[in-house]
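Architecture at a glance
What follows is the residue order along each chain.
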Amino acid sequence: MKRTKLACLLLVFVQHVVLGTHDVYIVTMEGDPVVNYRGGVEGFPATAVDLDEEMDVTSEAVTSYSLHLRRRHDNLLDSLFVEGTYEKLYSYHHLINGFAVHMSSLQAEFLRKAPGVKHVERDMKIQKLTTHTPQFLGLPTGVWPTGGGFDRAGEDVVIGFVDSGIYPQHPSFSSHKTDPYGPVPHYKGKCEMDPVTQRSFCNGKIVGAQHFAKAAIAAGAFNPDIEFASPLDGDGHGSHTAAIAAGNNGIPVRMHGHEFGKASGMAPRARIAVYKVLYRLFGGYVADVVAAIDQAVQDGVDILNLSVGPNSPPTATRTTFLNPFDAALLSAVKAGVFVAQAAGNGGPFPKTLVSFSPWITTVAAGVDDRRYKNHLTLGNGKLLSGLGVSPATHGNESFSLISAADALLGSSATKYSALDCQRPELLNKRKVQGKILLCGYSFNYISGTASIKKVFQTAKKLGAAGFVVAVENSYPGTKFDPVPVSIPGILITDVSKTTDLIDYYNSSTTRDWAGRATVFKATAGIADGLAPTLYNSAPQVALFSSRGPDVKDFSFQDADVLKPDILAPGNLIWAAWAPNGTDESNFAGEGFAMVSGTSMAAPHIAGIAALIKQKNPKWSPSAIKSALMTTATTLDKGSHPLRAQQYTSSEMMTLSRATPFDCGSGAVNPKGALDPGLVLDATHEDYITFLCSIPDVNHSEVSNIAGSSCNSSSKVQRPYDLNIPSITISQLRGTETVKRTVTSVSDESETYSIMTRMPPEIALDVMPPALTVLPGASREITATLTARSVTGTYSFGEITMKGDRGHLVRIPVVAMGFK
């Protein structure tokens, strides 16, 4: 190919200036990707299909157009830069038209000005947003029977996991103890081979397994001696999330000789497709994630689970919703793929979400009804509550207490922090044996260099009768989780109770003139903490779960979009673990782990979405999202309003009434979501018009990143006009009228009466007061909001549509009045 004169001049210059620091850049190009291409390039027929059609990714049209786009990417780079001064990592052609390239910042500047280039953005990092729940959600009795029972729940639905890989030998992913899995004709992903065992990562249950690390390698973050250059899970996170969504039913959860119940995924018969992008040491990179998403949709996944998110809102665009990551997911939704993403673990503080866009289902984490509590009984009769999944002290008796400080061996111990009981060789076995070892909770536990599991190993090696780990100083934001152990053990998290314990120990211990303990009279007994306690005050929004409002840009201005969308269990979730996983040191080497995070909440929604997809294979992703949101509950198991864990001014945890910024539309109700009565649907064009309606957004930016042009005649003119199952107006000035279109998904006509609830600061009126919707038909409702007073705070209400055939549709309404 002949280079232009400009290109030749650039080439000569760039040869001398590309020796600086290289970074990975994501580039979008002019021209439609495969999912959007409707023809126009000579010699290449259209590849886009309607939503209810299935794209044949192996067709000559798709393969030839994909190759055409890849060649365009290669030719552009070849025309501008000398070979060897850059490295193209990926060509994106299915969801977005572009590529990822490793090059210098100066080369990136030249690339920005090159013909055909629409947008160039430097890559950024992503992070992890780290089973009793089927029963808690009512799946075995209320949902699975409608799909043929647990052994058919999710049949032939493929869930793609963009995560840290999978441990395929785990029984949660076995195909040996289930009915044989047949082929899934619509899924065409590939299976990598394990480089060590030379065995495929797939087995019928797992239908696809690939890893993506080119951006990580180019950035110098990938260490082949530590990371696995394969889909193998070296972290534990990916195996855990996959098992929550689609793990086999009835898998015994055994640790330390005790069974903690039987694990099951939400859709135990669904298939698993693995797209590894997360690694032990550094997390991952957006360029690798976009490549994984592009491949997953091309392969034919039905659901995408993303327990990952960016470290912060994107800085290179004027609105949060416009970036390569969200643009790829927008195209995925257009291709018919439902996307569940973790909200983030920055709670309970506002504006901490890492999932922003309305086409994504953003999942907050809830605390379910199962809590592991235990207590320590002191010799003076006091009971100190704490956390400890352990057996009781022998014979339910009391034993002498000894602190690690009084069991030190020699002066060499000063080299290490012996008081957190991580190193048994620093303590006197003769003194500790037969006693309860008292350890301190240092900052090392928060930094990850200390763990309860190591305390257990220390106490066991020294022959202790048990152990106590006591928190002496408050560490705001610390998440204390119980850890299963095989000997009596407890973590005292309340600083005031630790003070009681230390005062009792000191007053009961005799010391010599040098302060050395000589007689230990303090005694204690640890109760049995193996059985959980069930509470009706559940679910609650977990303290760590990120909160809204959603933000529309890097300056954290409020968006007219409600986030999160929904609440699902995400606290102390039992599920599969990779024995070589390093993400949770307390479960190193184990086959199961009890982990908390919005990472655990998202796969609950992904699995439930698979059940909805199984029952309604033609529903769009926005219809599935609507079914989940409009049927969610705002009441806990005790029929009280949902509550959210918060901090008081003194940094103590408390409970307050949950708002939509805590839990979206409410807690997921799987049975209701399978039969919602009405859905609010949105098309790809609606989402594009939403992007174009954002104030101050650059319309060329929408075209450059999302790949579709703004149309001034489109029906949505304001962000809050988007037809989603919520209404959010961040700046309500005077009166605004908002319309929503509901579509019947029932087999019979139904008449709905419409009611509203709103605080007095905002007037909310809806017309008509009642309507009848025929099967498959759509009707429009009009909501009028008026600011009556300016409070500087948000008001929360809802529109409720109650059908005469039993359906109940709820639409949360959020607004802040302005003058």
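For clarity, every value in this text was computed on a predicted model and none was experimentally measured.

Spatially, β2-β3-β1-β4 is the arrangement adopted by the 4 strands of the open sheet, whose pairing is antiparallel. Of all the strands in the sheet, just β2 (87-92) and β4 (117-122) have a single pairing partner and so form its edges. Adjacent strand axes in the sheet meet at a mean angle of 25°, parallel and antiparallel pairs treated alike. Note that strand β1 (residues 22-29) and strand β3 (residues 98-104) share 7 bridges and pair antiparallel. Bridging across to β3, His-22 finds its partner in Ser-104. Helix α3 (residues 105-112) contacts β1, β3 and β4 of the sheet and is inclined by roughly 140° relative to β3.

It is worth spelling out the sheet that holds strand β36 (residues 750-757) at this point. Spatial ordering of the open sheet is given by β34-β41-β40-β36-β38, a layout of 5 strands whose pairing is mixed. Each edge of the open sheet carries a strand with a single partner, namely β34 (727-733) and β38 (770-773). With strand direction ignored, the average angle separating the axes of adjacent strands in the sheet is 25°. Here β36 runs beside strand β40 (residues 795-803); their pairing, made up of 6 bridges, is antiparallel. Each bridged residue has a counterpart across the sheet, and for Met-755 the counterpart in β40 is Thr-800.

Inspection of the entire model under this criterion finds 18 aromatic pairs. For the ring pair Tyr-37 and Tyr-65, a centre distance of 3.9 Å and an interplane angle of 5° mean the geometry is stacked. Of this pair, Tyr-37 sits in the loop between β1 and α2 (60-80) while Tyr-65 sits in helix α2; the two residues are 28 residues apart in sequence, bridging distant segments of the chain. For Tyr-37, a relative accessible area of 2% translates into the label buried. Using a relative accessible area of 2% as the deciding quantity, one classes Tyr-65 as buried. Plain terms: the ring middles of Trp-574 and Phe-587 are 6.5 Å apart, the flat faces sit at 80° to each other, and that makes the pair edge-to-face. Separated by 13 residues along the polypeptide, Trp-574 in strand β29 (residues 573-576) and Phe-587 in the loop between β29 and β30 (592-595) bring together distant segments of the chain. A network of ring pairs unites the aromatic residues Tyr-90, Tyr-92, Phe-212 and Tyr-275 as a single cluster. Directly above the aromatic system of Tyr-181 lies the positively charged group of Arg-269, at a separation of 3.9 Å from the ring centroid.

What follows deals with the packing of helix α7 (residues 237-246) against helix α14 (residues 598-615). Look at α7 against α14: their axes get within 7 Å of each other, and the N-to-C directions meet at 35°. Crossing handedness for the pair α7 and α14: right-handed. Here His-237, His-240, Thr-241, Ile-244 and Ala-245 of α7 lie close against α14, whose contacting residues are Ser-599, Met-600, Pro-603, His-604 and Gly-607. When the residues that make up the contact of α7 with α14 are grouped by side-chain class, the tally is 4 nonpolar, 6 polar and no charged.

On to the pairing of strand β41 (residues 808-818), then. The element β41 is largely enclosed, with a buried count of 9 among its 11 residues. Direction of pairing for β34 relative to β41: parallel, over a ladder of 5 bridges. Opposite Thr-728, over in β41, you have Val-814 as the bridge partner. Across 8 bridges, the pairing between β40 and β41 is antiparallel. For Phe-796, the partnering residue across the bridge sits in β41 and is Val-814. Between β40 and β41, which pair antiparallel and follow one another directly, the connecting turn spans 4 residues, one of which, Gly-806, has a positive phi of 100°.

Each value, and the rule that gives it
Residues numbered from 1 in each chain as written. Predicted model: local features only at pLDDT ≥ 70, side-chain atom pairs only at ≥ 80, totals over all residues. Heavy atoms only, no water. Pairing = 2+ DSSP bridges. Helix = DSSP H or I, 4+ residues; strand = E, 2+ residues; numbered from the N terminus. Axes fitted to C-alpha atoms, helices over the stretch in contact; angles between N-to-C directions. Contact = heavy atoms within 4.5 Å. Phe/Tyr/Trp six-rings, centres within 6.5 Å; stacked < 30°, edge-to-face > 60°. Buried < 20%, exposed > 50% of the residue type's maximum accessible area, 1.4 Å probe, protein only. Lys NZ or Arg CZ within 6 Å of the ring centre and 35° of its normal. Left-handed = near helix turned anticlockwise from the far one by under 90°. Nonpolar A, V, L, I, M, F, W, Y, C, P; charged D, E, K, R; others polar.

These values are about where atoms sit, not about what they do.
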